[in-house]
Amino acid sequence: MAQYRTSVKIGNWNEELRLEEDTKREHLEKKERGELAAQKVDFLKQHILSPVDLTVTTDGRLHFGDVVMLVNMGGEERDCSALSINADVNSFNKIPTPGIISPCGVVAGKGIQACPRTAFIITSVDGSPEGSTLHFDQSFALKTTSGFARGLYLISDLQSFQKCAKKSRLQEVNLEDGSSFLSWWKIVHFDPQERLEYEGQPVPANMSVLIIHCKTNQALAVLGDHFIWNTYGKEYEVTAHTFLDSHKAEQDNNRWTLCTSDPAGEGLVLLTHPQLGAPNKVLTQADPGI
């Protein structure tokens, strides 16, 4: 009488064997084309986290054409963070050239590292020549670097039911192709009592300021109570919304520092002179391997 043994094949053994072989072959083909999830993440980080040289200012002022980082010094429940491109494996393509797909979101990341993800170019919108000084209340645009970041413009528009920030439902901020009135911003002094006095004056680099959207008159803000989980970890949501305290002054959510490189070649000015941006706060360089 025949007996059952472990070597006996039962069920749809042939179909399961073929399915396993097809799965292995598909995996190897994707690996050869670089389409595995791990390969896409490595490719993205290799390009978007590569080092970028920020502008070195010799007169202590900001100019059109300067490459800067926008850093928020944080608050009681919020770490220091930099305005960053929120790109994942579905936000870029490789053909014809590698680059970010428009539109793309932005977040405030804790990695204070000058790279295509965090570098922005101060761009003229009123015909001011490149290299000329940026002044308080003067309109300008913020554009990502060329290459992988594709030179996208930081834009915002009026909040609506269908167009708003995902977590807070406040006014959305993202990156898009082409310059328009939606991409116009201006810088004002952080102290309301001194705002009129500074109007029209040159904007100093590496100092706390407010960045106001020209169309909606809302200030660029980072939210410490709304988090975005992405490829780079837990980061903060960025919106255009003015947060006022009891004295009608903008809160630290709205305060940004446009950072430049240290003339001595020692990295960011805020890393070597943290007292410029915010006293009693110490910044740490991001790990490039993140």
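Residues numbered from 1 in each chain as written. Predicted model: local features only at pLDDT ≥ 70, side-chain atom pairs only at ≥ 80, totals over all residues. Heavy atoms only, no water.

K.L.:
So, helix H2 (residues 37-48): which residues are in play, and what are the values?
P.N.:
The end-to-end C-alpha separation of H2 is 16 Å, in line with the 16 Å expected for 12 residues at 1.5 Å each. Every buried residue belonging to H2 is among Phe 43, Leu 44 and Ile 48, and all of these are buried. Projected down its long axis, H2 shows its buried positions confined to an angular sector of 110°, all on one face. With respect to the buried face of H2, the exposed residues turned more than 90 degrees away are Ala 38, Asp 42 and Gln 46. Where H2 is buried, its residues meet strand E2 (81-86), strand E3 (92-93) and strand E4 (99-100). (Helix = DSSP H or I, 4+ residues; strand = E, 2+ residues; numbered from the N terminus. Expected span 1.5 Å × (residues − 1). Buried < 20%, exposed > 50% of the residue type's maximum accessible area, 1.4 Å probe, protein only. Arc of directions from axis to C-beta. Contact = heavy atoms within 4.5 Å.)

K.L.:
Tell me about the nonpolar core, and name the residues and values.
P.N.:
Nonpolar side chains in soluble globular proteins generally cluster together in the buried interior. Within the largest apolar cluster, 43 residues are counted, with the highest numbers of intra-cluster contacts made by Leu 70 and Ile 187. Every residue in contact with Ile 187, bar those within four places of it in the chain, is listed here: Leu 62, Leu 134, Phe 136, Asp 137, Phe 140, Val 203, Val 209, Leu 210, Ile 211 and Leu 258. With 14 residues, the next largest nonpolar core counts Met 69, Ala 82, Ala 114 and Cys 259 among its residues. (Core = buried A, V, L, I, M, F, W, Y, C linked by side-chain atoms within 4.5 Å.)

K.L.:
Go over the confidence of the model for the protein chain with me, naming the residues and quoting the values.
P.N.:
Note: predicted coordinates in regions of low pLDDT should not be interpreted at a detailed level. Chain-level statistics for the protein chain give a pLDDT mean of 85 and a share of 86% at 70 or above. Predicted confidence is poor over residues 278-290, with pLDDT under 50, and the contacts of this stretch with residues over four places away or in other chains come to 22 contacts. (pLDDT = per-residue confidence, 0-100.)

K.L.:
Would you mind going over the side chain of Ser 183 in detail, with residue names and values included?
P.N.:
Residue position: Ser 183 is located in the loop between strand E9 (173-176) and strand E10 (185-189). Assessed through its relative accessible area of 0%, Ser 183 is described here as buried. Of the polar contacts made by the side chain of Ser 183, one reaches the backbone oxygen of Ser 180; its length is 2.6 Å. Excluding residues within four positions of it along the chain, Ser 183 makes contact with Phe 140, Ala 141, Leu 142, Tyr 153, Leu 154 and Ile 155. (Polar contact = N/O pair within 3.5 Å; in protein donor to acceptor, adjacent residues only side chain to side chain.)

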